[in-house]
Amino acid sequence: MNIFVCIKQVPDTETKVTPNSDGTYIETSSIKWIMNPYDEYAVEQALLHKAANTGSTITVVRVGAVKDTEVLRTALAMGVDEAILVDAPDNLDSYQTAKAIKGAIEKSGKTADLILTGKQAIDDDCLQVPQLLAQLMELPSISVVVGFEGTGSDLTLRREVEGGAIEVYKTSGPCVVACNKGLNSPRYASLPGIMKAKKKPLAIHSLTDIGVNQDDVRVKYSNFVLPPEKPAGKKFEAMEEGQQAAVVAEVVGLLRTEAKVL
Amino acid sequence: MMNFEYTIEQKEIREMAMKFARNEMMTVATEFDLSGEFPKSLFEKAWSHGLINTCIPEEYGGVGFSAVDSVIISECLSYGCMGMNSSIMSNDLALLPIVIGGTHEQKEKFLRPFTESYKIASFCLTEPGNGSDAAGIKTTIKKDGDDFIVNGEKMWITNAGFADLFILYGTSDPSLKHKGITTIIIDPKTEGIVIGKSEKKMGHRCSDTRGITFNNVRVPKENIIGKVGDGWAIAMKTLDHSRPLVAASALGGAQCALDHSVNYAKERVQFNTAIANHQAIQFMISNMVIKVEASRLLVTKAAWLLDKGESNTKVASSAKAFAADACMEICTDAVQIYGGYGYSVEYPVEKLMRDAKLIQIYEGTSQIQRIVIAKEIFSRS
């Protein structure tokens, strides 16, 4: 079967981000990139599913700036067979991203039997691409998946809903599965895997190649600014009993007027 | 002409090895240091990810790492725990004589099994009476029909209690000094081998270290590496390969101490400001950075020369001496920066200081390295 995995390259969580000069995105020149952690679960699930379904191939798809291919290479080193990169700005909106992924899958000439993604990217936290992709491809989609069983395209999927409850879905035929933390334990890229990865195919397409253009823009980004710095905390002296009533009144007043939490 | 950039694969190797070091090693390093237990299952996991036996060539089942790749791995794993890395690296030290001097049959027979499952090899050179004076070793390897008989005592043998293979240096005739030195592969289960108790050490406490006694141990002649008397040449070539690895382990420990120090200096407040704002602390940290950067250049150059097939003895010994001394100084300063907390086992840096000391001693002391460097200067010109 043909398994596709969609991954995003996101800034390392320890990165200090700054807006770029025209405020349309963050400055990307000195960022350390990592694979979106939720996508790691998708890659791992693809590898597990491939191991259980002999003859499967896994193709990983990423939409983003071409200069850094390390995250795709990490997926190849983990054991994915092929990679497709759609060269596009890093701040593409969710609709364009979904359309680009669809275009890339179609251009591969393979029919997708299963598409795995992370449930969200930890940079912009849009939580839209898996559902948009499923809609565009006219496939069912199941998100926040924490349990995955079955062979081929006959799957039993468990998804988390509010309040810790679990919904169980049975699917047959191709679908989009968006993975959540806890689904599995993503493996390391082994060193032999890293050495083999350089020989695996990596196709690069432009947005135009796969039919995405300016008419597909749904979101215009502007005014990226850092959140205002938090003011220093206030300290109140109330060691002496006589002071305490006044201090409590003052604190409650400030919580009302300044912090506006009461 | 000059290029300081790692290849894409080397960057990925570093990334992966650091991830393993941080997630799998650093998290349990203190626990194993305190218990002194040999972390075998952790080593098995490292092996399954290709982090162990970096010296085995591709044609015998290895990954096919360059020397530069190998020192990157050694640095990263040592960052995770210098003691664990000693036990990991010890396999390379032991197997390198086979890689360098073994026949095709010996490589198939002895190297390939190390790529099929996690196995442990011990390098048996040092004796109770001979450390730095390696040419003076007294363990004898005497011909007896189609076999050789090994007699003698070895000391400070890493991983001895868990080894699947011993690579032993002995002498066919002690009066021949280095011309009599011979290298032989021994199955640790052979009759006549008595493995001593685990030594209690200041650092590298989870790395298994023992003495071994060989009493009339019979070994088939196919197990001699090269010819009788080739041992010294094999040992010297092995050291050219192993010194960059050991130097890299010092570098890894030093980088770890540096990173801890920077983080602590930013957090610790004295005189109403983070101690990172005090010039005395800044200078200590700057000196650490200078030594780490210089160590990395030396280590990488020593490995790069090997990959180019050029003589690296002078640079490899410089790397080993400099990086080991630097690691000791940096780890000592890390304890100083942590102050009282640095002296506590609750914090990571006292272990680093204990672990650092050994790297100045094993695989050729810092003094022996300087003798090697001086010989390269004065005997070759």
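What you are looking at is a predicted structure, and each value in this text was computed from that prediction instead of being measured.

Enquirer: What is the right way to read the domain arrangement of chain A from this model?
Expert: When the parts come together, some accessible area is lost, and that loss is often what is quoted as the size of the interface. According to the domain assignment, chain A contains domain 1 (2-216) and domain 2 (230-262). One C-alpha centre belongs to domain 1 of chain A, the other to domain 2 of chain A, and the line joining them spans 49 Å.

Enquirer: Please explain unusual backbone geometry as it appears in this structure.
Expert: A negative phi holds for most residues other than glycine; trans holds for most peptide bonds. In this model, A:D125 sits at a positive phi of 50°, which is unusual for a non-glycine residue. Within the secondary structure, A:D125 is located in the loop between β6 (114-118) and α4 (129-137). With relative accessibility at 37%, the residue A:D125 sits in the partly exposed group. Its identity as a non-glycine residue notwithstanding, B:K177 has a phi of 50°, on the positive side. Among the structural elements, B:K177 can be located in the loop between β4 (165-171) and β5 (181-186).

Enquirer: It is not clear to me how the side chain of A:R73 should be interpreted in this structure. Could you clarify?
Expert: Along the chain, A:R73 turns up in helix α2 (residues 70-78). On the basis of relative accessibility, which here comes to 10%, the residue A:R73 falls in the buried class.

Enquirer: I'm lost on a nonpolar patch on the surface in this one. Help?
Expert: Residues A:V66, A:L202 and A:I204 make up a contiguous nonpolar surface patch of roughly 220 Å² in combined accessible area. Mapping A:V66 onto the fold places it in the loop between β4 (57-64) and α2.

Enquirer: I'm lost on the interface of chain A and chain B in this one. Help?
Expert: If you look at the interface, chain A gives 13 residues, while chain B gives 18 residues. Of all residues in chain A, the largest losses of buried area upon contact with chain B belong to A:Y188, A:L191 and A:M195, amounting jointly to 53% of the total for that side. Connecting chain A to chain B are 4 salt bridges. When the shortest N-O distance is used, the salt bridge between A:R73 and B:E9 registers 3.1 Å. Across the contact surface, chain A and chain B share 5 residue pairs in polar contact (both at pLDDT 80 or more). Going through the elements one at a time, α2 and α5 (191-197) of chain A are the ones with two or more residues in the side of chain A that touches chain B. Considering each element in turn, the side of chain A that touches chain B owes the most residues, 4 residues, to α5(A). Along the lines of polarity and charge, the residues of the side of chain A that touches chain B split into 6 nonpolar, 2 polar and 5 charged.

Enquirer: Looking at this model, I keep getting lost on the state of the cysteines. Mind explaining?
Expert: Disulfide: a covalent bond connecting the sulfur atoms of a pair of cysteines. One pass over the structure, following the stated rule, counts 0 disulfides over all chains. With no disulfide of its own, A:C175 lies 10 Å from the sulfur of A:C179, the closest cysteine sulfur. Looking at the unpaired B:C124, the closest cysteine sulfur is the one in B:C55, lying at 16 Å.

Enquirer: In this structure, what is going on with the domain arrangement of chain B? I would like to understand it.
Expert: Residues and elements named next belong to chain B. If you check the domain split of chain B, you get domain 1 (8-118), domain 2 (122-228) and domain 3 (232-378). Relative to domain 3, the C-alpha centre of domain 2 lies at a distance of 30 Å. Between domain 2 and domain 3, the residue contacts involve 13 residues of the former and 13 residues of the latter. Taken together, both faces of the contact between domain 2 and domain 3 bury some 1100 Å²; the carbon and sulfur share is 68%.

Enquirer: Whenever I open this one, the pattern of salt bridges confuses me. Can you help?
Expert: If the charged atoms of two oppositely charged side chains come close together, the side chains can form a pair. All names here are of chain B. For the coordinates displayed, the defined rule picks out 36 salt bridges over all chains. Here D144 makes a salt bridge to R218, at a shortest N to O gap of 2.7 Å. Of this pair, D144 sits in strand β2 (residues 140-144) while R218 sits in strand β7 (residues 209-220), placing them 74 residues apart in sequence. Under the relative-accessibility criterion, D144 is labelled partly exposed at 35%. A relative accessible area of 41% places R218 in the partly exposed class.

Enquirer: Honestly, the sheet that holds strand β8 (residues 154-160) of chain A in this entry has me stumped. Any pointers?
Expert: The pairing of strands in a sheet comes from backbone hydrogen bonds and takes either a parallel or an antiparallel form. All names here are of chain A. Strand order in this open sheet of 9 strands is β9-β8-β7-β10-β6-β1-β4-β5-β11, and the pairing throughout is mixed. On the outer flanks of this sheet lie β9 (166-171) and β11 (202-206), each paired with one strand and no other. In this sheet, adjacent strand axes meet at a mean angle of 30° when their direction is disregarded. Two elements, strand β1 (residues 2-6) and β6, share 4 bridges in a ladder whose sense is parallel. Counted as the bridge partner of F4 is I115 from β6. In this fold α2 packs onto β4, β5 (82-87) and β11, with an angle of close to 170° to the strand it touches most, β5.

Enquirer: Just checking my understanding: could you explain helix α4 (residues 82-101) of chain B for this structure?
Expert: An α-helical turn contains 3.6 residues, so a residue and the one three or four places further along point in the same direction. Residue and element names in this part refer to chain B. A rise of 1.5 Å per residue sets the reference length of α4, with its 20 residues, at 28 Å; its end C-alpha atoms lie 28 Å apart and thus fit the reference within 8%. Remark: the principal bend of α4, roughly 35°, maps to L95, with a proline, P97, within the next four residues. Counting buried residues in α4 gives 18 out of 20 residues, a clear majority hidden from the surface.

Reading guide: rules and limits
Residues numbered from 1 in each chain as written. Chains lettered and ligands numbered in written order. Predicted model: local features only at pLDDT ≥ 70, side-chain atom pairs only at ≥ 80, totals over all residues. Heavy atoms only, no water. Domains from an automatic or database assignment. Helix = DSSP H or I, 4+ residues; strand = E, 2+ residues; numbered from the N terminus. Buried < 20%, exposed > 50% of the residue type's maximum accessible area, 1.4 Å probe, protein only. Patch = residues over 30% accessible without salt bridge, like charges linked within 9 Å, V, L, I, M, F, W, Y side chains within 5 Å. Areas by Shrake-Rupley, 256 points an atom, 1.4 Å probe, with all protein chains shown as cover. Salt bridge = Lys/Arg side-chain N within 4 Å of Asp/Glu carboxyl O. Contact = heavy atoms within 4.5 Å. Buried area = accessible area lost by both parts, 1.4 Å probe. Polar contact = N/O pair within 3.5 Å; in protein donor to acceptor, adjacent residues only side chain to side chain. Nonpolar A, V, L, I, M, F, W, Y, C, P; charged D, E, K, R; others polar. Disulfide = S-S within 2.5 Å. Pairing = 2+ DSSP bridges. Axes fitted to C-alpha atoms, helices over the stretch in contact; angles between N-to-C directions. Expected span 1.5 Å × (residues − 1). Bend = angle between axes of the 7 residues up to and from the residue.

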